[in-house]
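Inside the fold
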Amino acid sequence: MSELGIYRMKLSDLDEVLDIEEESFSLPWSKWMFERELEEKERSHFFVMKDGSRVLGYIGFWIVFDEVHIVTIAVRKDFRHKGIGTILMASALISAYEMGAQRATLEVRITNTNAQRMYEKFGFEIVSVRRKFYTDTGEDAYVMYIYDLEEKIMEIRALGKKAEEKLLDSNNAC
């Protein structure tokens, strides 16, 4: 990995994003869904993490009044468990906070314990269950929430920085 960076998602990123989407989710978003999100610049914010021109992962969120809603996050299978998801989440929450978000929310499959552990590192708490939320399997989702982003923002910055340093150190060791 040479030129790591986080950038606004562009239409030209969609082929790779869709590849990651397919390998990550049993009910993947369509190209049209991503295109619609990229057109909605007022509310919708989508970012990719790239190594040069290759997309390693992405995250999307909505800002609704003073709340950020994480709508999707995924990392290329070969690059999971290296801190990329943590970097993307930290970047999104920091960006949303800088845009005025005071709270954060997301849904996660109740069986996706890896994602839940990552979200808990950021201060997300399970607050409720959405029954049969996932239409592909009928699985329930936990609703997770951060009630006060300002209170957590320094920890979030530190998590992102630590993950970046770890990723860069592991790349330099190769």
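Below: a short report on this structure.

Cut-offs applied
Residue numbers restart at each chain and count upward from 1, following the sequence in its written direction. Totals for whole chains, interfaces and linings use every residue, but because this is a predicted model, local features are given only for residues with pLDDT of at least 70 and side-chain atom pairs only at 80 or more, for both listing and counting. Hydrogens and water are ignored here; the side-chain numbers use all heavy atoms of the structure. Patch membership requires more than 30% relative accessible area and the absence of a salt bridge. Residues of like charge join within 9 Å; the nonpolar side chains Val, Leu, Ile, Met, Phe, Trp and Tyr join within 5 Å. Throughout, the Shrake-Rupley method with a 1.4 Å probe supplies accessible areas, and for residues the shown protein chains are the sole cover considered. Salt bridges are identified by distance alone: a Lys or Arg side-chain nitrogen within 4 Å of an Asp or Glu carboxyl oxygen. Think of it this way: Lys and Arg go in the positive column, Asp and Glu in the negative one, and His and the chain ends go nowhere. A charge is said to be at NZ when it belongs to Lys, at CZ for Arg, at CG for Asp and at CD for Glu. For the purposes of this entry, the term helix denotes a DSSP run of H or I that reaches at least four residues, the term strand denotes a run of E that reaches at least two, and both are numbered from the N terminus. For every residue, the accessible area obtained with a 1.4 Å probe (protein chains only) is divided by the maximum for its type, and the residue is called buried under 20%, exposed over 50%, and partly exposed between those limits. In this scheme, strands are said to pair when DSSP sees at least two bridges between them. Buried residues of nine kinds, namely Ala, Val, Leu, Ile, Met, Phe, Trp, Tyr and Cys, make up a nonpolar core once their side-chain atoms join them within 4.5 Å. Between two residues, a contact is recorded if the distance between any of their heavy atoms is within 4.5 Å. Geometry is summarised by axes, namely lines fitted to C-alpha atoms with helices restricted to the contacting stretch, and by angles between N-to-C directions that run from 0 to 180 degrees. In these notes the angle categories are as follows: under 35 degrees is roughly parallel, over 145 is roughly antiparallel, 65 to 115 is roughly perpendicular, and the rest is oblique. We call a crossing left-handed when the near helix sits turned anticlockwise from the far one by less than a right angle, and right-handed when that turn is clockwise. Throughout, the ten residues Ala, Val, Leu, Ile, Met, Phe, Trp, Tyr, Cys and Pro are labelled nonpolar, Asp, Glu, Lys and Arg are labelled charged, and all others, Gly among them, are labelled polar.

1. A look at a negative patch on the surface
Taken together, the side chains of D148, E150, E151 and E155 define an acidic patch exposed on the protein surface. When you line up the elements, E151 lands in helix 5 (residues 149-173). A residue is classified by how much of its surface remains accessible, and E151, at 56% relative accessible area, is exposed.

2. Re the pairing of strand 2 (residues 44-51)
Across the eight residues that make up strand 2, a large majority, eight, are buried. What you see with strand 2 is no split at all: S44, F46, V48 and K50 on one side and H45, F47, M49 and D51 on the other are buried throughout. Direction of pairing for strand 1 (residues 4-8) relative to strand 2: antiparallel, over a ladder of five bridges. Counted as the bridge partner of Y7 is V48 from strand 2. Here eight bridges tie strand 2 to strand 3 (residues 54-64), and the two strands are oriented antiparallel to one another. Each bridged residue has a counterpart across the sheet, and for F46 the counterpart in strand 3 is G60. Where strand 2 folds back onto strand 3 in an antiparallel hairpin, the turn is made up of two residues, including G52, whose phi is positive at roughly 70°.

3. Section: the nonpolar core
Judged by nonpolar contacts, the single largest core of 36 residues is most densely connected at V68, I70, M89, L93, Y119 and F124. Elements represented by at least two residues in this core include exactly strand 2, strand 3, strand 4 (67-75), helix 3 (84-98), strand 5 (103-109), helix 4 (113-121), strand 7 (139-146) and helix 5. It is helix 3 that provides the largest number of residues to this core, a total of nine residues. In contact with Y119, other than residues within four places in its own chain, are I73, M89, L106, V108, F124 and M144. Membership of the second largest hydrophobic core comes to 13 residues, among which are L14, L18, W29 and A74.

4. What about the packing of helix 3 against helix 4?
Each pair of packed helices can be summarised by the angle the axes make with each other and by the distance between the axes. Interaxial distance between helix 3 and helix 4 falls to 11 Å at its minimum, and their mutual angle equals 45°. It follows from the interaxial angle that helix 3 and helix 4 lie oblique. Note on packing geometry: the crossing formed by helix 3 with helix 4 is right-handed. Contact residues: G85, T86 and M89 in helix 3; M118, Y119 and K121 in helix 4. Partitioned by chemical class, the residues of the contact of helix 3 with helix 4 number three nonpolar, two polar and one charged.

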